[in-house]
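# Examining the three-dimensional arrangement
In case you want the letters, here they are:
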Amino acid sequence: MAVFACAGKTPPVVLSAQDGYTEAHALYEAGKWEKARLAFEQVVFNHPGSALVDSAQYFLGMCYFKMEDPILAAAEFQRVRTQYPASPLVDDADIMRCRSLLLSSPSHTGLDQEPTREAVNELRLFQDNHPFSEFLPAADSLLKVAYGRLSTKDFKTGVLYQKLGRYEAARVYLQEMIDRYPESPLVPDALYRLGEGQRRQDSLASAIEYYEKLIYTFPDHERTGDARKRVARLARQRAVEAADSSADTSGE
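As the structure is a computational prediction, the values presented were derived from the model and not from experiment.

### Description of the packing of helix 8 (residues 136–163) against helix 9 (residues 167–180)
Where helix 8 contacts helix 9, the axes come no closer than 7 Å and their chain directions differ by 165°. Judged on the interaxial angle alone, helix 9 and helix 8 are roughly antiparallel. Between helix 8 and helix 9 the crossing geometry is left-handed. Judged by residue contacts, Tyr 147, Ser 151, Asp 154, Phe 155, Thr 157, Gly 158, Tyr 161 and Gln 162 of helix 8 engage Tyr 167, Ala 169, Ala 170, Tyr 173, Leu 174, Glu 176, Met 177 and Arg 180 from helix 9. Split into classes, the residues belonging to the contact of helix 8 with helix 9 amount to nine nonpolar, four polar and three charged.

Rendered as structure tokens:
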């Protein structure tokens, strides 16, 4: 029986790198992510010297990404850079790694955002190291998403303090948010709120400065129209106060 059992076992067929990759890619295109993942793994493990292995490694990461497992996807995309640094897919894999890191971060901004911070570091390096990459617009967009996520906590704290009338505390949080995350989509709103806080404290010159920074830096933002109205109104108010002060002085 043992002899027959051994005789009945068929050794697994190892496809060539090209055939294995073609089969894996067909499964990927058909949306069969798990089967494609296994097939790409076979190419990577069985044909480490093949010209197709870097592409198989990249699509291995894409399979995990499609299966909504961003943690494993990020790890597989990183291997493209570390194991195949000369591959033309490195830029693409770097962007997908950052996208995976952002997806693996908690959706609640009050929870630990370490993967988001890691993505920010990776994206900054990408911008510095690949200034002419075709994926640079994608890196810029992802960086804005990451900054927006990291800046939300400080922004919400600043807004809360402002609602409580604690304008100086609000200013500290909002200004720190702008300084730390200058590309955050929340910066225009923070500038407007800083102007409002200074206006309510009768610091008119400082209020105008914040409003004007919003106007000149973000001319198309939804808050900019209100900022222009504030500047015009405060300019008139300052002119009246200056005239009154001059009249008082001449009267004396």
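### Section: the confidence of the model for the chain
A residue-level look at the chain finds 90% of positions with pLDDT of 70 or above and a mean pLDDT of 88. At the low end of the mean pLDDT range in the chain sits helix 1 (residues 2–8), at 52; at the high end sits helix 4 (residues 53–66), at 97.

### With respect to the nonpolar core
Membership of the largest hydrophobic core comes to 37 residues, with the highest contact counts inside it found for Leu 123, Met 177, Ile 178 and Tyr 211. Of all the secondary-structure elements, those providing two or more residues to this core are helix 6 (90–104), helix 7 (114–129), helix 8, helix 9, helix 10 (187–200), helix 11 (204–217) and helix 12 (224–251). With nine residues, the top contributor of residues to this core is helix 8. Every residue in contact with Tyr 211, bar those within four places of it in the chain, is listed here: Tyr 192, Gly 195, Glu 196, Arg 199, Ala 227, Arg 230, Val 231 and Leu 234. Ranked by size, the runner-up nonpolar core spans 25 residues in total, among them Tyr 21, Ala 56, Cys 63 and Ala 73.

### Considering the pattern of salt bridges
Scanning the model with the defined rule gives 15 salt bridges in all. Linking Arg 180 and Glu 176 is a salt bridge whose minimum nitrogen-to-oxygen distance equals 3.3 Å. Note that Arg 180 and Glu 176 are positioned in helix 9 at a spacing of four residues, about one turn of the helix. Glu 176 gets classed as partly exposed once you look at its relative accessible area, which sits at 35%. Two residues, Glu 196 and Arg 199, come together in a salt bridge whose shortest N-O distance is 3.1 Å.

### Observations concerning the environment of Arg 97
Within the secondary structure layout, Arg 97 lies in helix 6. In this structure Arg 97 comes out as buried when scored by relative accessible area, which is 7%. Separated by 47 residues in the primary sequence, Arg 97 and Ser 50 place their C-alpha atoms 23 Å from one another. In this structure, Arg 97 is in contact with Ala 74, Phe 77, Gln 78, Glu 118 and Glu 122, ignoring residues within four places of it in sequence.

### Brief notes about helix 10
Here helix 10 contains 14 residues, and its C-alpha end-to-end distance of 20 Å stays within 8% of the 20 Å for a straight helix at 1.5 Å per residue. Counting buried residues along helix 10, eleven of its 14 residues qualify, which places the element largely inside the surrounding structure. For helix 10, every residue scored as buried is listed here: Val 187, Pro 188, Asp 189, Ala 190, Leu 191, Tyr 192, Leu 194, Gly 195, Glu 196, Gly 197 and Gln 198. Following helix 10 by one or two positions, Asp 202 adopts a phi angle in the positive range, close to 65°.

Parameters and conventions
Residues numbered from 1 in each chain as written. Predicted model: local features only at pLDDT ≥ 70, side-chain atom pairs only at ≥ 80, totals over all residues. Heavy atoms only, no water. Axes fitted to C-alpha atoms, helices over the stretch in contact; angles between N-to-C directions. Helix = DSSP H or I, 4+ residues; strand = E, 2+ residues; numbered from the N terminus. Parallel < 35°, antiparallel > 145°, perpendicular 65-115°, else oblique. Left-handed = near helix turned anticlockwise from the far one by under 90°. Contact = heavy atoms within 4.5 Å. Nonpolar A, V, L, I, M, F, W, Y, C, P; charged D, E, K, R; others polar. pLDDT = per-residue confidence, 0-100. Core = buried A, V, L, I, M, F, W, Y, C linked by side-chain atoms within 4.5 Å. Buried < 20%, exposed > 50% of the residue type's maximum accessible area, 1.4 Å probe, protein only. Salt bridge = Lys/Arg side-chain N within 4 Å of Asp/Glu carboxyl O. Expected span 1.5 Å × (residues − 1).

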